[in-house]
Amino acid sequence: MSNSGTTIAPPATWRTVINRTQWLVLAGTTMGWALDGFAGSLYALILGPAMTELLPHSGIAPAGEAIGLYGGLTVALFLFGWGTGGILFGILADYFGRVRVLSAGIVTYAVFTALAAFADTWWQLGLLRFIAGLGSGVEAPVGAALVAEVWRNSYRARACGVMMSGYAIGFFLAALSYALIGEHGWRLMMGIAVLPALLVYFIRRHVPEPPEIRSTITARRARRSRGHRAEQDRFVLARLLTPPLLRPTLVGTALATGSLVAFWSVSTWYPQIIRQTAAAAALSPDVANSRVATASMLFNAGGVLGYATWGFLADAIGRRGAFLTSFAVSAAGVGFLFPFDHTWATFLAVIPVAGFGLYGALSGILVYGPELFPPSVRATGIALYNGIGRYLTASGPLVAGVIAASWFGGDLGLATTCVVAVGLLGAFGLLFAPETRGQALPTDPTPAAGPEPAPRAAAQLEETS
């Protein structure tokens, strides 16, 4: 007996849904974010030795309080540059495309991070860190927007989470590098941060511009040439700071500020906290540096897991539930670890838990961001609330250093805990955050017809579920 000829298609799986272009985009953005984390983490690891060498050249005694103050200032300058660069490059990415703007930012942060190896005073180092921050700000908002726009299917959140794990992988690689060659001095460590510039060749050759963005840019230019102006042709910052996009901007700002203040306060000062504890126990600088490298690898191992699993968790329990989980784990880990004295074994056991929560929240703000904004403002929207968060965050490491010296007799552990507690107030943004699990990415409204029809979007990526 013959069949009727009807063939039942096999169920869609990740092997059939995900194509080569999506894998290439994910690989390029993940590597870029990893090398960004690599360069950023190197500075946290060498902050103490660098300030110890540079402060005397600036006429300042390298006491613990001065290292906390001026080291915090250099971190604040980097974060201020990161916020500014993120907004600037985000705007450019919405008007000129994702890929070339991403490449320009990577070259900027790689070159100026490496140039910091030649600094002679703390303020020279701070200036170079600010310029490096301008370029570093591009990777998170533009990379997240690029991944979300290419992975327009049910694996979108998980792909963004995997991309975000690259940052923690970069921190882990920095810790490993510090363990292997840190004894050769902080200047060599900063010099090898030029490596991310090599990634630009891969990105420009293999990572395509999303068709949706090409169509958005083409349509905007066509309307301008005809003298026809639609709502989405208003300047992107003006749109984001007025209804209806003001609410998602404020929600993203609250979540980003809480996550970033907590993360940067901990990641900046835990190496110095370990050194303080080692000095109090009369351990040698070599032992202290070894402990810093070990703790950093464990902190970032937990961070890799927190980053990579956030998208899976968000698909399972929703975006709001995943944020609550990350904030709760962060609070528990930091609240247990830093205000109290612990054995070295206990510290090593708990530091990955803190890393899991802190990195998970960072993953969330960039997995969630593309789901709040339409394509014509998406990169700028993510960059804006991250930039505002980083401006506010810039004070976190500095405030921790100042209050440690002023209130807690130099105890950075207590000071860092206080700053993290304030930062986690950003969790209140969840009260107003929409749940976006299972929803398609927002789209721009169709503009009213002008003198000529706007060009149709070329080759839209298919939305699959």
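Higher on the page you've got the structure.
Residues numbered from 1 in each chain as written. Predicted model: local features only at pLDDT ≥ 70, side-chain atom pairs only at ≥ 80, totals over all residues. Heavy atoms only, no water.

All right, on to the overall build of the protein chain then. If you tally the helices and strands in the protein chain, you get 18 helices and zero strands. Counting over 465 residues, the protein chain shows a buried share of 56%. Partitioning the contacts of the protein chain with sequence separation of at least 6, the portion at a separation of at least 24 is 83%. Surface accessibility of the protein chain: about 18500 Å² in total, with carbon and sulfur atoms responsible for 67%. (Helix = DSSP H or I, 4+ residues; strand = E, 2+ residues; numbered from the N terminus. Buried < 20%, exposed > 50% of the residue type's maximum accessible area, 1.4 Å probe, protein only. Contact = heavy atoms within 4.5 Å. Areas by Shrake-Rupley, 256 points an atom, 1.4 Å probe, with all protein chains shown as cover.)

Let us look at empty space enclosed by the protein. Taken as a whole, this structure holds six cavities of 30 Å³ or more when the rule is applied. There is about 60 Å³ of room inside the largest cavity. Lining the largest cavity, in full, are Trp33, Trp82, Met164, Tyr167, Leu260, Tyr307, Leu362, Ile365, Leu366, Asn386 and Arg390. Broken down by secondary-structure element, the contributors of at least two residues to the lining of the largest cavity are helix 7 (156-181), helix 15 (344-368) and helix 16 (378-393). Here the element with the most residues in the lining of the largest cavity is helix 15; it accounts for three residues. In terms of residue class, the lining of the largest cavity is built from nine nonpolar, one polar and one charged. (1 Å grid on protein atoms, 1.4 Å probe; cavity = no way out; pocket = protein on both sides within 12 Å on 5 of 7 lines; lining within 4 Å. Points joined across faces, edges and corners; volume = space filled by probe spheres on them. Nonpolar A, V, L, I, M, F, W, Y, C, P; charged D, E, K, R; others polar.)

Moving on, we get to a positive patch on the surface. Judged by side-chain charge, Arg100, Arg204, Arg221 and Arg224 come together as a positively charged surface patch. With respect to the secondary-structure elements, Arg204 resides in helix 9 (residues 199-206). (Patch = residues over 30% accessible without salt bridge, like charges linked within 9 Å, V, L, I, M, F, W, Y side chains within 5 Å. Salt bridge = Lys/Arg side-chain N within 4 Å of Asp/Glu carboxyl O. Lys, Arg positive; Asp, Glu negative; His and termini not counted. Charge placed at Lys NZ, Arg CZ, Asp CG, Glu CD.)

So, on to the packing of aromatic side chains. In total, this model carries 19 aromatic pairs according to the counting rule given. The interplanar angle of 85° and the centroid separation of 5.5 Å between the aromatic rings of Trp23 and Trp151 together place this pair among those described as edge-to-face. Pair noted here: Trp23 is in helix 2 (residues 20-57) and Trp151 is in the loop between helix 6 (139-150) and helix 7, with a separation of 128 residues, a long-range link. When the centroid spacing of 6.2 Å and the interplanar angle of 25° are considered together, the rings of Phe80 and Phe130 count as stacked. Of the two residues, Phe80 sits in helix 3 (residues 64-96) while Phe130 sits in helix 5 (residues 122-136), which places them 50 residues apart along the sequence. By relative accessible area, which is 39% here, Phe80 ends up partly exposed. One aromatic cluster is present, built from ring pairs that chain together Trp33, Phe78, Trp82, Phe263, Trp264, Tyr270, Phe299, Tyr307 and Tyr359. Taking the ring centre of Phe78 as reference, the NZ or CZ of Arg129 above it sits at 4.2 Å. (Phe/Tyr/Trp six-rings, centres within 6.5 Å; stacked < 30°, edge-to-face > 60°. Lys NZ or Arg CZ within 6 Å of the ring centre and 35° of its normal.)

Quick look at the pattern of salt bridges now. Counting across every chain of the model gives twelve salt bridges. Glu53 is the partner of Arg187 in a salt bridge, and the nearest nitrogen-oxygen pair spans 2.8 Å. With Arg187 in helix 8 (residues 186-191) and Glu53 in helix 2, the pair connects residues that are 134 residues apart, well separated along the chain. Exposure remark for Arg187: the relative accessible area of 27% places this residue in the partly exposed category. A relative accessible area of 32% means that Glu53 is categorised as partly exposed. Arg319 is the salt-bridge partner of Glu371, the closest N and O atoms lying 2.7 Å from each other. Here Glu371 is found in the loop between helix 15 and helix 16, whereas its partner Arg319 is found in helix 14 (residues 319-337), with 52 residues between them in sequence. The exposure class assigned to Glu371 is buried, which follows from its relative accessible area of 7%. Linked through salt bridges whose partners overlap, the residues forming this network are Asp94, Arg98, Glu149, Glu212 and Arg378.

It is worth spelling out the nonpolar core at this point. Buried together is how nonpolar side chains tend to be arranged in soluble globular proteins. If you look at the biggest cluster of nonpolar residues, it comprises 120 residues, and the most contacted ones within it are Trp33, Met51, Tyr167, Phe263, Trp264, Phe338 and Ile365. Top element by residues in this core is helix 2. It accounts for 14 residues. The contact partners of Tyr167, leaving out residues within four places of it in the chain, are Trp33, Ala34, Asp36, Gly37, Trp82, Phe263, Trp264, Tyr307 and Tyr359. (Core = buried A, V, L, I, M, F, W, Y, C linked by side-chain atoms within 4.5 Å.)

Taken together, Val107, Val111, Leu115, Phe118 and Val194 make up a surface patch of nonpolar side chains, about 410 Å² in accessible area. Counting through the fold element by element, Val194 comes out in the loop between helix 8 and helix 9. A relative accessible area of 37% means that Val194 is categorised as partly exposed.

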